[in-house]
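# Coordinate analysis (summary)
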Amino acid sequence: MSEMEYHPPYLDLYCSGELGDRARRLEQMLSSCTICPLDCRVNRLENEIARCYSGKKAIVSSYCAHFGEEPALVGTNGVGNIFFGNCNLRCVYCQNYEISQRYKEERKNEVSTLRLAEMMIELQDEKKCHAIGFVSPTHFAPQMVSALEVACSMGLHIPIIYNTNAYDSVEVLKLLDGIVDIYLPDIKYSEEQAGYDYSGVKDYVYHSRNALKEMYRQMGSELLYGEDGLVKRGLVIRHLVLPNEMAGSDGTLKMIASELSPNITLSVMSQYYPTNRVTETNAERSDRILLINRRIREREYEKVLELLDELGFENGWAQEFESQDYYKPDFTNRLEPFTK
Ligand code: SF4
């Protein structure tokens, strides 16, 4: 852990012209979209729509100073979160389903590149946020980078957080190297069947693990802290514990410990509650859906925390078990450091 006045590398990429080059390469990928592992190959530049229901322009559902993320990101003024609309996954329990799965309605919230850049500047200069947090950025990675280029010309200088469901393409992540300051992936499952049943993709584990490895390659396990005591650069892996071990917490944590590092910073969440299609009364629900139609039990959560200890994880945060009683849908700021 080291302290310094932080200078985001994206500013150097902007000055050298590399940021613009990366933006153009990413935009080009929209012409036969391979931005996420689904590889739909529609021409989003012509607003052809596929799985994520998103065309040429970014969709922003809301943006604000947000105080629900991990304490080392939030500080006193919050993270300047920009919540993108729609998503490449279709999680039956999505806690943000009102913005991620109301596809047609969300398209009304399309914004220009300039407007997206202005939002970043507003969050930095008016709200005094410590970082810009792009929430569900995967399907809008090109638009995000194009707007970042404009925002640099307007004086943006705070870290960029990529807050993702981890179903990301390695090719795109390589193009984000030096652009993203903090990766915040939520790793959801360790069995492909769970990814199919609950998020509608057959290869979540394969792609999310490759994505994690690429993020780790870029960042390593150490977090860089600024003089204000907040994280400026690095990788923080989130994991939401599901009932009946449906998140495969055991497999995910063991993979992180063995294939990445037990020094990685984790953020373990107890806040799961059944919502969205899990609770639809008129839906015919499979046994798999019924397995996640309750909150997690205290013992289930304790087992995950015990495993953290066994595997030697020492860095990060675990939500209090009780947070599930009052959480909807953000983190609370009552995260506790792991205790040894
Ligand atoms: S970003 Fe959207 S259109 Fe592109 S591959 Fe993914 S789901 Fe398909």
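Residues numbered from 1 in each chain as written. Predicted model: local features only at pLDDT ≥ 70, side-chain atom pairs only at ≥ 80, totals over all residues. Heavy atoms only, no water.

## Overview of the overall build of the protein
Where we set the bar: In DSSP terms, a helix is any run of H or I states spanning at least four residues, a strand is any run of E spanning at least two, and both are numbered starting from the N terminus. Throughout, the radius of gyration refers to the C-alpha atoms, and the reference size of a globule is 2.2 Å times the residue count to the power 0.38. Working definition: with a 1.4 Å probe on protein chains only, accessible area under 20% of the residue-type maximum means buried, over 50% means exposed, and in between means partly exposed. Residue contacts follow a heavy-atom distance rule, with two residues in contact if any of their heavy atoms lie within 4.5 Å. Charge counting follows a simple rule: Lys and Arg are positive, Asp and Glu are negative, and His as well as the terminal groups are ignored. By convention, charge coordinates are those of NZ in Lys, CZ in Arg, CG in Asp, or CD in Glu.
Scanning the protein for helices and strands turns up 14 helices and twelve strands. The C-alpha radius of gyration computed for the protein amounts to 19 Å, which stays within 12% of the reference 20 Å derived for 340 residues, consistent with globular compactness. Dimensions of the protein along its principal axes, counting C-alpha atoms only, are 50 × 45 × 35 Å. A buried classification covers 58% of the 340 residues belonging to the protein. The contacts in the protein between residues at least 6 apart in sequence include a share of 71% that link residues at least 24 apart. Charged side chains in the protein number 37 positive and 51 negative. The centres of these two groups are separated by 6 Å.

## Re the packing of helix α10 (residues 204–219) against helix α11 (residues 249–260)
To keep it simple, the criterion reads: Axis lines are fitted through C-alpha atoms, for helices just across the contact stretch, and the angle between N-to-C directions can take any value from 0 to 180 degrees. Working rule for angles: under 35 degrees goes down as roughly parallel, over 145 as roughly antiparallel, 65 to 115 as roughly perpendicular, anything else as oblique. Handedness of a helix crossing follows the sense of rotation of the near helix relative to the far helix, less than a right angle counterclockwise being left-handed and clockwise being right-handed. When residue character is reported, Ala, Val, Leu, Ile, Met, Phe, Trp, Tyr, Cys and Pro are called nonpolar, Asp, Glu, Lys and Arg charged, and the others, Gly included, polar.
α11 packs onto α10 with a crossing angle of 40 degrees between their chain directions and a minimal axis gap of 12 Å. Accordingly, the angle class assigned to the pair α10 and α11 is oblique. For the crossing formed where α10 meets α11, the hand is right-handed. Contact residues: α10 offers R209, L212, K213 and Y216, while α11 offers G251, T252, M255, I256, E259 and L260. Partitioning the contact of α10 with α11 into residue classes produces five nonpolar, two polar and three charged.

## Things to note about the pairing of strand β7 (residues 182–185)
A regular strand carries its side chains on alternate faces of the sheet. Let me state the cut-off plainly: Between any two strands, at least two bridges found by DSSP are needed for them to pair. Note on handedness: a crossover is taken as right-handed if, strands pointing away from the viewer, the path from the first strand over the helix to the second is clockwise.
Alternating positions in β7 separate into two faces, I182 and L184 on one and Y183 and P185 on the other, with burial throughout. The pairing of strand β6 (residues 160–164) with β7 spans four bridges and is classified as parallel. Residue pairing for β7: T164 is matched across the bridge by P185. Handedness of the β6-helix α8 (residues 170–175)-β7 crossover: right-handed. Alignment of β7 against strand β9 (residues 231–240), held across two bridges, turns out to be parallel.

## Observations concerning the environment of R24
The topology assignment puts R24 in helix α2 (residues 18–29). Judged by relative accessible area, R24 falls into the partly exposed class, the value being 39%. Separated by 159 residues in sequence, R24 and Y183 place their C-alpha atoms 22 Å apart. When sequence neighbours within four positions are dropped, the list of residues in contact with R24 reads S146 and E149.

## Quick notes on helix α6 (residues 113–126)
What counts, and what does not: To estimate how far a helix should reach, multiply one less than its number of residues by 1.5 Å.
Here α6 contains 14 residues, and its C-alpha end-to-end distance of 20 Å stays within 8% of the 20 Å for a straight helix at 1.5 Å per residue. Contacts from the buried residues of α6 go to β2 (58–66), β3 (79–84), β4 (110–111), β5 (131–135) and α7 (141–153). Of the residues one or two after α6, K128 is the one with positive phi, at around 60 degrees.

## Section: unusual backbone geometry
Residue Y53 is not a glycine yet carries a positive backbone phi of 55 degrees. Its place among the elements puts Y53 in the loop between α2 and β2. Here Y53 falls in the partly exposed class, since its relative accessible area comes to 25%. For E245, which is not glycine, the phi torsion reads 60 degrees and is therefore positive.

## Remarks on the site of the ligand
Threshold: Here a residue counts as near a molecule or strand whenever at least one of its heavy atoms sits within 4 Å of it.
In the vicinity of the ligand, the contacting residues are C33, I35, C36, L38, D39, C40, R44, R51, C52 and H139. Residue classes in the shell around the ligand are distributed as six nonpolar, one polar and three charged.

## Some thoughts on the packing of aromatic side chains
In plain terms, the rule: Aromatic pairs are defined between Phe, Tyr and Trp rings, using the six-membered ring for Trp, whenever the two ring centres lie within 6.5 Å; interplanar angles under 30 degrees are classed as stacked, those over 60 as edge-to-face, and all others as tilted.
Evaluation of the coordinates by the stated rule reveals eight aromatic pairs. Ring geometry for Y189 against Y204: centres 5.3 Å apart, planes inclined by 80 degrees, an arrangement best described as edge-to-face. In this pair, Y189 is assigned in the loop between β7 and α9 (192–199) and Y204 in helix α10, connecting sequence segments 15 residues apart. Among the aromatic residues, those joined into a cluster by ring pairs are Y167, Y189, Y198 and Y204.

## Some thoughts on the pattern of salt bridges
Here is the rule we go by: Here, a salt bridge means any Lys or Arg side-chain nitrogen found within 4 Å of an Asp or Glu carboxyl oxygen.
Scanning the model with the defined rule gives 18 salt bridges in all. Across the salt bridge formed by R22 and E18, the nearest N and O atoms sit 2.7 Å from each other. On the criterion of helical spacing, the pair formed by R22 and E18 is a turn pair, its members being four residues apart in helix α2. Given a relative accessible area of 11%, R22 falls into the buried group. For E18, a relative accessible area of 26% corresponds to the partly exposed category. Between R294 and E300 there is a salt bridge, with the nearest N and O atoms lying 2.9 Å from each other. Of the residues examined, R294 reaches a relative accessible area of 17% and is grouped as buried. When its relative accessible area of 17% is taken as the criterion, E300 is described as buried. The network of salt bridges with common partners includes K174, D177, E214 and R217.

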